[in-house]
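Reading the structure
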Amino acid sequence: MTIFSCFDVETTGLNAKNDHVIEIAIVKVTADGELVDEWTSLVGPPRDLSRTEHIHNIKKEWLTNAPNFSQITGDICEKLYGSIPVAHNAKFDCDFIYEETKKVFSMNGLKIDGLKLDAFDTLSLAKSLRLPRKLVELTDALGIQLSNAHEALADTRALAKVLIKLLELSKNQVDSPVFQPLPLVPESTGLFKHRPSS
């Protein structure tokens, strides 16, 4: 059975080499849209969010005691294992995952490259169908509710529904590879921290 792992990151900026992931979410669904699992976490340590807080509404103090990326790398790999990664404007999210894991592996003395996710990109499929490119506009066009845009879990839940709808409309099959983690990846820790309840 095909499982899709839709994922999204919120960041301190647009440059994957210099900026950082501060929130990540993964929502796993079947090809029929049945929810398999979902997971999200803020990512510490606290950082300057002055350039992007107005977008994602994450407060610097929320990142206190949140696991850092090295502590959740194993969890991310575990969640993605055996599924097809999916993102909207996938290069952005994949570049950040690559740069963050590259730093983690280097800090741990591992002479391996960062995770190069080969994710299916819903943006490309939306463009081929002449649908809006921005996720907020795309969900609206498809009649999918997206509340709390730029909250990683909310975006990823909506993305999972967008994926299934786009596949129905296009009659396309996803030929992206199933994720197989690298050897020597850190074990999962089970650590996470959620946004405060509003």
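Just so you know, these numbers come straight off a predicted model, no measurement behind them.

Further remarks concern the nonpolar core. Phe4, Phe120, Val162, Leu163, Leu166 and Leu167 are the most contacted members of the largest nonpolar core, which has 27 residues in total. Among the secondary structure elements, those contributing two or more residues to this core are strand E1 (3-11), strand E2 (21-30), strand E4 (84-87), helix H4 (122-128), helix H5 (135-142) and helix H6 (152-170). When residues of this core are assigned to their parent elements, the largest contribution, eleven residues, is made by H6. The next biggest cluster of nonpolar side chains, apart from the first, holds 25 residues, and it includes Ile72, Leu80, Phe96 and Val185.

Here helix H2 (residues 69-80) crosses helix H3 (residues 90-107) at 110°, and the two axes come no closer than 10 Å. Put simply, H2 runs roughly perpendicular to H3. Viewed along their axes, H2 and H3 form a crossing whose handedness is left-handed. Residues Phe69, Ser70 and Thr73 of H2 form the contact with H3, whose participating residues are Ile97, Glu100, Thr101, Val104, Phe105 and Met107. Classifying every residue of the contact of H2 with H3 gives five nonpolar, three polar and one charged.

This part covers the state of the cysteines. Tallied over the entire structure, the rule returns zero disulfides. Looking at the unpaired Cys77, the closest cysteine sulfur is the one in Cys94, lying at 13 Å. Among the residues examined, Cys77 registers a relative accessible area of 3% and is labelled buried.

Now for H2. Helix length check: H2, at twelve residues, gives a terminal C-alpha distance of 15 Å against a target of 16 Å (1.5 Å per residue), a fit within 8%. Burial analysis of H2 places nine of its twelve residues in the buried class, the great majority of the element. Those residues of H2 that fall on the buried side of the exposure criterion are Phe69, Ile72, Thr73, Gly74, Asp75, Ile76, Cys77, Lys79 and Leu80. Elements that come into contact with the buried residues of H2 comprise E1, E2, strand E3 (35-42) and H3.

Attention now moves to H5. Within H5, the full set of buried residues consists of Leu135, Leu138, Thr139 and Leu142. Angularly, the buried residues of H5 cover 100° about the axis, an arc narrow enough to put them on a single face. Contact partners of the buried residues in H5: H4 and H6.

Looking now at the side chain of His56. Turning to its location among the elements, His56 is positioned in helix H1 (residues 53-56). In terms of polar contacts, His56 uses its side chain to reach the backbone carbonyl oxygen of Thr11, at 3.5 Å. Engagement of the side chain of His56 in a polar contact is seen with the backbone nitrogen of Ile58, the distance being 3.0 Å. Once residues lying within four places of it in the same chain are set aside, the contact partners of His56 are Glu10, Thr11, Ile22, Leu49, His150 and Arg195.

Negative phi is the rule for most residues except glycine; trans is the rule for most peptide bonds. Put simply, Gly44 and Pro45 share a cis peptide bond, and its omega is 0°. With respect to the element layout, Pro45 can be found in the loop between E3 and H1. One non-glycine residue, Asn89, adopts positive backbone phi at about 60°. With respect to the secondary-structure elements, Asn89 resides in the loop between E4 and H3. Given the relative accessible area of 35%, Asn89 is considered partly exposed.

With that settled, the discussion passes to the packing of aromatic side chains. Summed over the entire model, instances satisfying the criterion amount to one aromatic pair. Look at Phe92 and Phe96: their rings are 4.9 Å apart centre to centre, the planes differ by 50°, and that puts the pair in the tilted class. Here the residue Phe92 and the residue Phe96 both occupy positions in helix H3, the gap between them amounting to four residues, near one helical turn. You can call Phe92 partly exposed: its relative accessible area is 23%. Phe96 gets classed as buried once you look at its relative accessible area, which sits at 0%.

Parameters at a glance
- Residues numbered from 1 in each chain as written.
- Predicted model: local features only at pLDDT ≥ 70, side-chain atom pairs only at ≥ 80, totals over all residues.
- Heavy atoms only, no water.
- Core = buried A, V, L, I, M, F, W, Y, C linked by side-chain atoms within 4.5 Å.
- Buried < 20%, exposed > 50% of the residue type's maximum accessible area, 1.4 Å probe, protein only.
- Helix = DSSP H or I, 4+ residues; strand = E, 2+ residues; numbered from the N terminus.
- Axes fitted to C-alpha atoms, helices over the stretch in contact; angles between N-to-C directions.
- Parallel < 35°, antiparallel > 145°, perpendicular 65-115°, else oblique.
- Left-handed = near helix turned anticlockwise from the far one by under 90°.
- Contact = heavy atoms within 4.5 Å.
- Nonpolar A, V, L, I, M, F, W, Y, C, P; charged D, E, K, R; others polar.
- Disulfide = S-S within 2.5 Å.
- Expected span 1.5 Å × (residues − 1).
- Arc of directions from axis to C-beta.
- Polar contact = N/O pair within 3.5 Å; in protein donor to acceptor, adjacent residues only side chain to side chain.
- Phe/Tyr/Trp six-rings, centres within 6.5 Å; stacked < 30°, edge-to-face > 60°.

Nothing here speaks to function; it is geometry throughout.
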